[in-house]
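# Architecture and fold: a report
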Amino acid sequence: MKNSTRNFVKIITEICNEENIDLKSFSYDWIFQLHKNGINNYIIGYQFGLNVASVHSICCDKSAASEIMSSLKIPNIEHCFFMSPVNQKYISEVGNWDILMKKLKEYGQLVCKSNEGSGGNLVFRVGTQYELENAVYKIFQKSRSMAVSPYYEISNEYRAIVLDGKIKLIYFKQRPYVIGDGMHSIGSLIFEYLSKEDNNSCNVKFSDEDLTRIMEKGECFELNWKHNLGQGSKATILQNQDIINNIETIVSMVVDKMNIRFASIDVVECNNEYKILEINSGVMMEHFSQQDDDSYKIAKEIYREAVLKMFRLG
């Protein structure tokens, strides 16, 4: 997708027109200069400049954020830091491999990801030495550092958008799935599903046994272990008040203890517990805003409030 066709570009342009803010675009719509009342502010990517630089840097660093949350007694999915061999000399000459193999043997399955990546890109679930080697090789080809965590069976994943201490939106991420009809194989159901949906919806290698199995009517089979909206999941605004209360409790801990102003915070539910998965100081609602008109309006109003706060008008 070209930057100029993003909903984000359209939304920022509309907000500036409606709020009498002069807008200039740079770097193919990746940087915006907003001018009002003699003041210039900037949006870079999805960064609105509301978080101080140190907080922004911590949020962009998965392993650093995890380490800090653990020190603050905030439940989180622990991420361990590994430096590319090219840069390993700056932190240690011990190397990565022995530690990685020990973690694989300890947990059975790991999730390896770019330490500063986003969108579910360069994220690998590994259970064998070969899979681990392949993941490490691919990540270090494009990233100078890697974050590694134990693999958790995540029953649900949620995203909370927070702005100045208030949660503006919580939605549930529903992974793509097919439903059994008691007649057709999983493989044929997946083929039918993918003929109507984006191929990114399916990001798992299925066994022959899975593909040929005929599910009972009503049985659910999920097509992706990741919950990213850019990889086929759908966002549904959360209505269950008990779950909302649980998410508000843990998100408030993050916001208060880490001095975060504007961010999207991913919360996962596993083993009947809630943990922070990641903190994103760049608030990206591109896929959410594309779902329908109501989602577009919700995203626009959150961004509007953020823009006004940049000028201390909100």
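The structure we're discussing is the one just above.
Because the structure is a prediction, the values reported are computed rather than measured.

Quick notes on the rules
- Residues numbered from 1 in each chain as written.
- Predicted model: local features only at pLDDT ≥ 70, side-chain atom pairs only at ≥ 80, totals over all residues.
- Heavy atoms only, no water.
- Helix = DSSP H or I, 4+ residues; strand = E, 2+ residues; numbered from the N terminus.
- Rg over C-alpha atoms; globule rule 2.2 N^0.38 Å.
- Buried < 20%, exposed > 50% of the residue type's maximum accessible area, 1.4 Å probe, protein only.
- Areas by Shrake-Rupley, 256 points an atom, 1.4 Å probe, with all protein chains shown as cover.
- Lys, Arg positive; Asp, Glu negative; His and termini not counted.
- Charge placed at Lys NZ, Arg CZ, Asp CG, Glu CD.
- Pairing = 2+ DSSP bridges.
- Axes fitted to C-alpha atoms, helices over the stretch in contact; angles between N-to-C directions.
- Polar contact = N/O pair within 3.5 Å; in protein donor to acceptor, adjacent residues only side chain to side chain.
- Contact = heavy atoms within 4.5 Å.
- Core = buried A, V, L, I, M, F, W, Y, C linked by side-chain atoms within 4.5 Å.

## Some remarks on the overall build of the chain
What the chain contains, in helices and strands, is 10 helices and 14 strands. For a compact globule of 314 residues, the expected C-alpha radius of gyration is about 20 Å, and the chain comes in at 21 Å, within 12% of that figure. Across the 314 residues that make up the chain, the buried fraction comes to 47%. In the structure as shown, the chain presents an accessible area of about 16500 Å², 49% of it carried by carbon and sulfur atoms. If you average the places of the 35 positive and of the 40 negative side-chain charges in the chain, the two averages end up 6 Å apart.

## Details of the sheet that holds strand β14 (residues 273–280)
Strand order in the open sheet formed by five strands is β12-β9-β8-β13-β14, and the pairing between neighbours is antiparallel. Strand pairing shows two members of the sheet lacking a second neighbour, β12 (234–237) and β14, which therefore form its edges. Here the strands of the sheet are splayed against their neighbours by 30° on average, with no regard to which way each runs. Note that strand β9 (residues 166–174) and β12 share four bridges and pair antiparallel. The partner of Q174 across the bridge, within β12, is K234.

## Description of the side chain of E157
Its location among the elements puts E157 in strand β8 (residues 156–163). At 2.9 Å, the side chain of E157 and the side chain of K173 are in polar contact. Setting aside its immediate chain neighbours within four residues, E157 contacts Y171, F172, K173, H227, D266, V267, V268 and L277.

## Comments concerning the nonpolar core
Counting 31 residues, the largest nonpolar core has I43, F48, F262, M285, Y303 and V307 as the members making the most contacts within it. Elements with a minimum of two residues in this core: α1 (7–18), β2 (31–36), β8, β9 and α10 (293–310). It is α10 that contributes the most residues to this core, seven residues altogether. Apart from residues lying up to four places away in sequence, F262 is in contact with F48, L50, N51, I161, V162, L163, S281, V283, I302, Y303 and A306. The next biggest cluster of nonpolar side chains, apart from the first, holds 26 residues, and it includes V162, I243, V251 and A263.

Geometry only, nothing functional implied.
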